[in-house]
Amino acid sequence: MAGENRLKLGIPKGSLQDATIALFAKSGWKIRPAHRNYFPEVDDAEIVCSMCRAQEMSRYVESGLMDCGLTGKDWILENESDVIEVADLVYSKTSNRPARWVLAVAGDSPFRRPEDLQGKKIATELVGFTKRYFSQAGIDVDVEFSWGATEAKVVEGLADAIVEVTETGTTIKAHGLRIISEILITNTKFIANKTAWADPWKRAKIEQLVMLLEGALRAEKLVGLKMNVPEDKVEAVMAVLPALNSPTVAHLFNSKWLSVEIVVEEHTVRTLIPELKAKGAEGIIEYALNKVV
């Protein structure tokens, strides 16, 4: 019952905040951040929300201050946190694709491989992971923490190379830098505290959240199509349908027409609709999907 069981959910504050709140809204939970308040309201009496930086989330979840939360795989590894990784949720503030931590140097530098940085200085926010990366490779470097504007460190001569996160590499190139190695691919993870995961009620609530979050992400690339098709042309129409599952087909009342409904990838629609029209489909309707579970 609500009030007897409460799930402590962590929402990442910062660059992922708006994308996370939007994803929860599409999944069925409205989260409303309060001004200068780290405890946003949520329209579910069984959930208590807290906000913290993604960099700290895994430590708070591991300690039990939060039952679960969303953070990057990179920060779980950075903190060496012992948490349950419940699900991958591939989304970001700009795109639905994983981000990369890359090793970058000045465009005109002589460094071509990580090994070339022996004895050099590396600036990064991901200090612990970077140290382990170079140590495991047997490369002795000086890794120092960067408080921000990491790309500028090489340009200003404050470091020989940087380890920085990027999705497209555009910002890296804009600063005149060159990527020489990719050291980590990361994406958002839904994580849980081991004690919370062992609790039947909390685990069921977490699984409910994850199911609908995943359903909302899956739906972002899909749309529904509905159309009317004459009986004598249905085979020709069916032959060009790239349905997620078998199309739903129903006879229209007192008619020789069929109603056909399918789910397809959105990027196929621009070529699919003209092809369906040419095969005899009429009254074609495209509609957005909220969740596909």
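So, how was this worked out
Residues numbered from 1 in each chain as written. Predicted model: local features only at pLDDT ≥ 70, side-chain atom pairs only at ≥ 80, totals over all residues. Heavy atoms only, no water. Helix = DSSP H or I, 4+ residues; strand = E, 2+ residues; numbered from the N terminus. Rg over C-alpha atoms; globule rule 2.2 N^0.38 Å. Contact = heavy atoms within 4.5 Å. Areas by Shrake-Rupley, 256 points an atom, 1.4 Å probe, with all protein chains shown as cover. Lys, Arg positive; Asp, Glu negative; His and termini not counted. Charge placed at Lys NZ, Arg CZ, Asp CG, Glu CD. Core = buried A, V, L, I, M, F, W, Y, C linked by side-chain atoms within 4.5 Å. Buried < 20%, exposed > 50% of the residue type's maximum accessible area, 1.4 Å probe, protein only. Pairing = 2+ DSSP bridges. Right-handed = clockwise from strand over helix to strand, strands pointing away. Axes fitted to C-alpha atoms, helices over the stretch in contact; angles between N-to-C directions. Parallel < 35°, antiparallel > 145°, perpendicular 65-115°, else oblique. Nonpolar A, V, L, I, M, F, W, Y, C, P; charged D, E, K, R; others polar. Domains from an automatic or database assignment. Buried area = accessible area lost by both parts, 1.4 Å probe. Salt bridge = Lys/Arg side-chain N within 4 Å of Asp/Glu carboxyl O. Polar contact = N/O pair within 3.5 Å; in protein donor to acceptor, adjacent residues only side chain to side chain. Phe/Tyr/Trp six-rings, centres within 6.5 Å; stacked < 30°, edge-to-face > 60°.

Draft legend 1. Summary view of the overall build of the protein. Each helix and strand counted, the protein has ten helices and 16 strands in total. Against the compact-globule benchmark of 19 Å for 293 residues, the protein has a radius of gyration of 25 Å, which places it well outside the compact range. Expressed along its principal axes, the backbone C-alpha trace of the protein runs to roughly 80 × 55 × 35 Å. Across the protein, contacts joining residues at least 24 apart in sequence account for 68% of those joining residues at least 6 apart. Accessible surface, the protein as shown: approximately 15300 Å² in total, 50% of it carbon and sulfur. Averaging the positions of the 36 positive and the 41 negative side-chain charges in the protein gives two centres separated by 2 Å.

Draft legend 2. Structural context of the nonpolar core. Of all hydrophobic cores here, the largest spans 28 residues; its most connected members are Leu9, Ile11, Phe24, Leu70, Tyr91, Phe190 and Ile206. When residues in this core are grouped by element, the largest group, six residues, is from helix H8 (residues 200-219). Ile122, Val127, Phe129 and Ile180 belong to the second-largest nonpolar core, a separate cluster that totals 20 residues.

Draft legend 3. Representation of the pairing of strand S8 (residues 121-124). Where S8 lies against strand S9 (residues 142-145), four bridges are found, and the strand directions are parallel. For isoleucine 122, the partnering residue across the bridge sits in S9 and is valine 143. Note that the unit made of S8, helix H4 (residues 127-136) and S9 has a crossover that is right-handed. Looking at chain direction, S8 and strand S10 (residues 161-166) are connected through three bridges and run parallel.

Draft legend 4. The arrangement of the packing of helix H1 (residues 17-27) against H8 in detail. At a closest axis distance of 8 Å, the pairing of H1 and H8 adopts a crossing angle of 100°. In terms of their interaxial angle, H1 and H8 are classed as roughly perpendicular. Each of Leu23, Phe24, Lys26 and Ser27 in H1 lies in contact with H8, whose residues at this interface are Leu209, Leu212, Leu213, Ala216, Leu217 and Ala219. For the contact of H1 with H8, the residue count by class is eight nonpolar, one polar and one charged.

Draft legend 5. Quick look at H4. Listed as buried for H4 are Val127, Gly128, Phe129, Thr130 and Phe134. Positive phi shows up at glycine 138, right after H4, with a value of about 70°.

Draft legend 6. The sheet that holds strand S15 (residues 257-265), seen in detail. The four strands are arranged S14-S15-S13-S16 in an open sheet whose pairing can be described as antiparallel. Sheet topology places strand S14 (248-251) and strand S16 (282-288) at the edges, where each strand pairs with a single neighbour. Within this sheet the neighbouring strands show an average axis-to-axis angle of 15°, counted without direction. Bridging between S14 and S15 involves four bridges; their strand directions are antiparallel.

Draft legend 7. Spatial organisation of the environment of lysine 202. Structurally, lysine 202 can be placed in helix H8. Its relative accessible area of 19% is what places lysine 202 among the buried residues. Between the C-alpha atoms of lysine 202 and arginine 6, which are 196 residues apart in sequence, the distance is 7.9 Å. Sequence-distant contacts of lysine 202, defined by excluding residues within four places in its chain, comprise Arg6, Leu7, Asp67 and Ala196.

Draft legend 8. Highlighting the domain arrangement of the protein. Splitting the protein by domain gives domain 1 (7-94 + 188-219), domain 2 (99-185) and domain 3 (221-288). Each of domain 1 and domain 2 has a C-alpha centre, and these two points are 29 Å apart. With nine residues of domain 1 at the contact, the number on the domain 2 side is nine residues. Of the roughly 760 Å² buried between domain 1 and domain 2 on both sides combined, carbon and sulfur atoms contribute 47%. The interface formed by domain 1 and domain 2 holds one salt bridge in total. A salt bridge links arginine 132 to glutamate 80; the nearest nitrogen and oxygen atoms lie 3.5 Å apart. Taken together, the connections running from domain 1 to domain 2 amount to seven residue pairs in polar contact (both at pLDDT 80 or more). When residues in the side of domain 1 that touches domain 2 are grouped by element, the largest group, four residues, is from helix H3 (residues 73-79). Class assignment for the residues of the side of domain 1 that touches domain 2 results in two nonpolar, three polar and four charged.

Draft legend 9. Fine view of the packing of aromatic side chains. Tallied over the full model, the rule gives three aromatic pairs. Arranged with centres 5.2 Å apart and planes meeting at 85°, the rings of tyrosine 133 and phenylalanine 134 form a pair that is edge-to-face. With relative accessibility at 23%, the residue tyrosine 133 sits in the partly exposed group. Relative to tryptophan 147, the ring of phenylalanine 145 has its centre 4.7 Å away and its plane inclined at 85°; by these criteria the two rings are edge-to-face. On the basis of relative accessible area, phenylalanine 145 is assigned to the partly exposed category, the value being 39%. Assessed through its relative accessible area of 81%, tryptophan 147 is described here as exposed.

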